[in-house]
Structures are given as C-alpha cells and as structure tokens.
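Examination of the molecular architecture
Each chain is listed here by its residues.
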Amino acid sequence: MPRYLKRKALPKKKGPNVKSPFHCKKVFVLSLINTSRNHQKPNPILPKKHLHVYSYSNIIQILKMGPSQKIPRTFSILFFLLFLPSLFPILDSSSSNELTNLVYKGCANQNFQDPSGIYSQTLNTLFNTLISQSSTNKFYKTTTGNGNSVISGLFQCRGDLSNSNCNNCVKKIPNMSLKLCGQVIAARIQLTGCYLRYELVGFQSVGPTELLFKICGSGQVSESGFGDKLDTALGQIVKGVSSNGFYTGGYESVYVLGQCEGDLSNGECVNCVKNGVGKAKSECGNSVSAQIYLQQCYISYTYYPNGVPTKSLSPSGSGTRQSTQKLVAIILGGLVGVGLGVACLMFIRSALKKKSYSKYGG
C-alpha cells in the first residue's frame, strides 16, 4: 500500500506564530507528492508536465526556504530581460523632449469673435489635419473652413528628423498654442525641431524675410580670422539650401544649419537665407552662436573652439545624443540576446537536475 505524506508529518518552521508566505507553496508541493506516489489521475488544477518533477528532498529544501530567500537566478535574469525593453522609451524620450523645447511664440493681438464656436471647430480640424500629415511629411500646408471662417495653416519639421520625431514634435504644438496664445486669429509656435503657424484668411501677415526672432550667444569670439571663417560657413548655407531647402554642415570650427519653408522655389529660398545671413552678422556680430528666424526661413551657427564635432547634427547636439542612443540600443540588444541564451541554459540545467529526482522509494 503506497505511503502518503501527511501534512502533520512535515517539519514545522520555528519562530513566532506568523503565517508563512510560502503556505500556498507547501500545499502545492504536497499535492504533487500525493499524485506522483499514487500514480493516480492528476489534480485537474495542476499542469501535467510538473507532476513528476519534485522529490521528497526537493520538498524539504523548499520548506526550509525563508521569506528572505533569494529568487532563483533564472527568474532574476528573466525579470531583467522583461524590464530591459522599458529602457528604450526612456532613451528615446530625452531626444524627443529636446526637439519639443519652445524657442518662441508669436500671437496676434486679436481673438476670434466666435459666439457659435465655428472658429474653434475649424481651428481644431486644422490642427488634427496637420498632426495626421506630420507622420508622413516634413512640410504640409492646407486650409480649412467655409465662408468667413477659413483658416490656413502649415507645419514644417527640421529636414533631418525622422517621421516619428516629426509627428511627436508637431502634435505638441496645438495645446501649447491654446495655452500660450488662446483663441487668436493668427499664431506661430516655434519649437527646436519644428514649427506650426496658422492665420485667418485675410489676416495681414508679415513679409517672407521679416525678422521674427533672434538668439545671440552671450560670448564673443576673439580668435583672429573668425570673421572670415564665419563668412565662409554662412556661405555654405546659401549653397546648400539651393538644392532641397535644407542644409547642415561645418566649416573648420563653425557649425551651420539652414532651412526654408517647404513651398518656396530655389530662388526664393536662397534670397531668404541671404537675408538671414545678413541679419546674423548685423544682429549678433562675433557671438559664439546665433539663431535667426525669418517668416519663411531660419539659419543658425555655433562656434566650436576645438573643431565641429563629427556627429553633431544641430546646435543643441541632439544628433550626438541620437548616435549615442543608437550605440546604447545595440549594446542592450546584445545583452538581451546573451541573457536569453544564459537563461535558457540555466533553465535546462535546472530541469535536468530536477528530473534526476523523479523516482521515489516504495
């Protein structure tokens, strides 16, 4: 007659009368022993594949485990691998947050006269259209509404942004516009990586080469010959934008960037950038950096005394961060692969050890 392991025969844990967190585990393994020893129909709540694994010595070892017992290494590794993917959004978020920093806002002095709410609805429709288009385009211009409530609008993303970064940048602007400007008839919100502007049709807008905003670096460059270097570097923008409306590059120790609004012709783009270059010289002189925003184009430059960083893609250095993030992602991906391999080997090893205890005495 087979022997059964009774609950009262189990060794009792010494200590205060506190329910052990492993009480459920004890009940579970007892069921396994009873089933394995009797070779009876397994308990329907237990998976069949686990019924032959535990021996009496295994159970004694489990029962001796205290609440502070360390989690098996296999599960630790699996937990780490499950947690690791959550690092990637964190890495990506730093770049995305940098691109959505506010540079400046421009708000009209007049609000919509909108007792029926038609202008608000039209503006909301315009925003939704622009956000939707930003997932596949770097520039998009459209009009929305009927009669006197027609509103035109556009967005433009920096030419070196991915579609996802462009979309993330543009979709931040509608809420910012409403918070910063309210229900005005025209507004422009400029972020580091993109800008969006809209206006009620008929609104008197500024000229295409009108200076909207400038940022001049606080330091001045005293290096001999800096003026010549700057002239040459700024001249590279004029040449570069003539082909596709966007240019980024470096000349010796000066990094430059320029972009025109997407619907400008080559001639109009070059003319706008030339105006921007002139404004940079007259407004900022020998400053270590400058950002010049006109209505339909903008330019910037940054002086690096030790030479322009090879992987620098923008004055804020987001290109360097993106390259670093790619490297980190590759390293983490390798760790995931190695970790999974180690976890599988440890699991197989553990299973083989448990299988060696699957036979019981009579």
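Refer to the structure presented above.
In this report, we go over the structure that sits alongside the text.

Rules behind the numbers
- Residues numbered from 1 in each chain as written.
- Predicted model: local features only at pLDDT ≥ 70, side-chain atom pairs only at ≥ 80, totals over all residues.
- Heavy atoms only, no water.
- Helix = DSSP H or I, 4+ residues; strand = E, 2+ residues; numbered from the N terminus.
- Buried < 20%, exposed > 50% of the residue type's maximum accessible area, 1.4 Å probe, protein only.
- Contact = heavy atoms within 4.5 Å.
- Arc of directions from axis to C-beta.
- Core = buried A, V, L, I, M, F, W, Y, C linked by side-chain atoms within 4.5 Å.
- Disulfide = S-S within 2.5 Å.
- Axes fitted to C-alpha atoms, helices over the stretch in contact; angles between N-to-C directions.
- Parallel < 35°, antiparallel > 145°, perpendicular 65-115°, else oblique.
- Left-handed = near helix turned anticlockwise from the far one by under 90°.
- Nonpolar A, V, L, I, M, F, W, Y, C, P; charged D, E, K, R; others polar.
- Polar contact = N/O pair within 3.5 Å; in protein donor to acceptor, adjacent residues only side chain to side chain.
- Pairing = 2+ DSSP bridges.

Turning our eyes to something else, we now look at the side chain of Asn 167. By the secondary structure assignment, Asn 167 is in helix α6 (residues 163–170). Taking the relative accessible area as the measure of exposure, Asn 167 reaches 16% and is therefore buried. Apart from the residues lying within four places of it in its own chain, the contact partners of Asn 167 are Ile 131, Ser 134 and Ser 135.

So, about helix α7 (residues 173–180). Residues Ile 173, Pro 174 and Ser 177 constitute the buried set of α7. Buried residues along α7 cover an arc of 100° about the axis, so they all sit on one side. Seen from the open side of α7, the exposed residues pointing more than 90 degrees away from its buried face are Asn 175 and Lys 179. Check the buried side of α7 and you find it contacts α5 (118–133), α6, β4 (186–191) and β5 (194–200).

Here we come to the nonpolar core. One finds Phe 112, Leu 196 and Tyr 198 to be the most contacted residues of the largest nonpolar core, which totals 27 residues. When contributions to this core are tallied by element, the ones reaching two or more residues are α5, β3 (151–157), α6, β4 and β5. By residue number, the principal contributor to this core is α5, which donates five residues. Counting residues in hydrophobic clusters, the runner-up holds 26 residues, among them Ile 237, Val 238, Val 273 and Ala 290.

This structure, assessed with the given rule, holds six disulfides. Two residues, Cys 107 and Cys 181, share a disulfide whose sulfurs are 1.9 Å apart. The chirality of the disulfide connecting Cys 107 with Cys 181 is left-handed, given an S-S dihedral of about -55°. Separated by 74 residues along the polypeptide, Cys 107 in strand β1 (residues 102–107) and Cys 181 in the loop between α7 and β4 bring together distant segments of the chain. The disulfide that involves Cys 260 links it to Cys 269, with 2.0 Å between the sulfurs. Between Cys 260 and Cys 269 the sulfur-sulfur dihedral comes to about 85°; the bridge is accordingly right-handed. For Cys 260, a relative accessible area of 4% translates into the label buried.

Okay, the environment of Pro 174 next. Mapped onto the fold, Pro 174 is located in helix α7. Taking relative accessible area as the criterion, Pro 174 reaches 9% and is therefore assigned buried. A sequence separation of 15 residues divides Pro 174 from Ile 189, and the C-alpha atoms of the two residues are 8.9 Å apart. Those residues in contact with Pro 174 that lie beyond four places of it in its chain are Phe 127 and Ile 131.

Glancing now at the packing of helix α8 (residues 226–244) against helix α9 (residues 266–284). Orientation of α8 relative to α9, taken along the N-to-C sense of each, is 160°, at an axis distance of 8 Å. On the basis of the axis angle, α8 is roughly antiparallel to α9. Crossing handedness for the pair α8 and α9: right-handed. Seen from α8, the contacting residues are Asp 231, Leu 234, Ile 237, Val 238, Val 241, Ser 242 and Ser 243; seen from α9, they are Asn 266, Cys 269, Val 270, Val 273, Lys 274, Val 277 and Lys 281. Along the lines of polarity and charge, the residues of the contact of α8 with α9 split into eight nonpolar, three polar and three charged.

On to the side chain of Asp 114. Mapping Asp 114 onto the fold places it in the loop between β1 and α5. Separated by 2.8 Å, the side chain of Asp 114 and the backbone nitrogen of Ile 118 make a polar contact. In this structure the side chain of Asp 114 is engaged in a polar contact, spanning 3.1 Å, whose partner is the backbone nitrogen of Tyr 119. Those residues in contact with Asp 114 that lie beyond four places of it in its chain are Tyr 119 and Ser 120.

Let's shift gears to the sheet that holds strand β6 (residues 211–216). Strand order across the open sheet formed by five strands is β6-β9-β10-β8-β7, with antiparallel pairing between neighbours. Two strands close off the open sheet at either side, each with one partner strand: β6 and β7 (246–251). With direction set aside, neighbouring strand axes in the sheet form an average angle of 5°. Of the strand pairs in this sheet, strand β8 (residues 254–260) and strand β10 (residues 297–303) are connected by seven bridges, and their pairing is antiparallel. Bridge pairing in β10 links Leu 257 to Ser 300. Together, β6, β8, β9 (289–294) and β10 form the strand contacts of α9, whose direction differs from that of β9 by roughly 135°.

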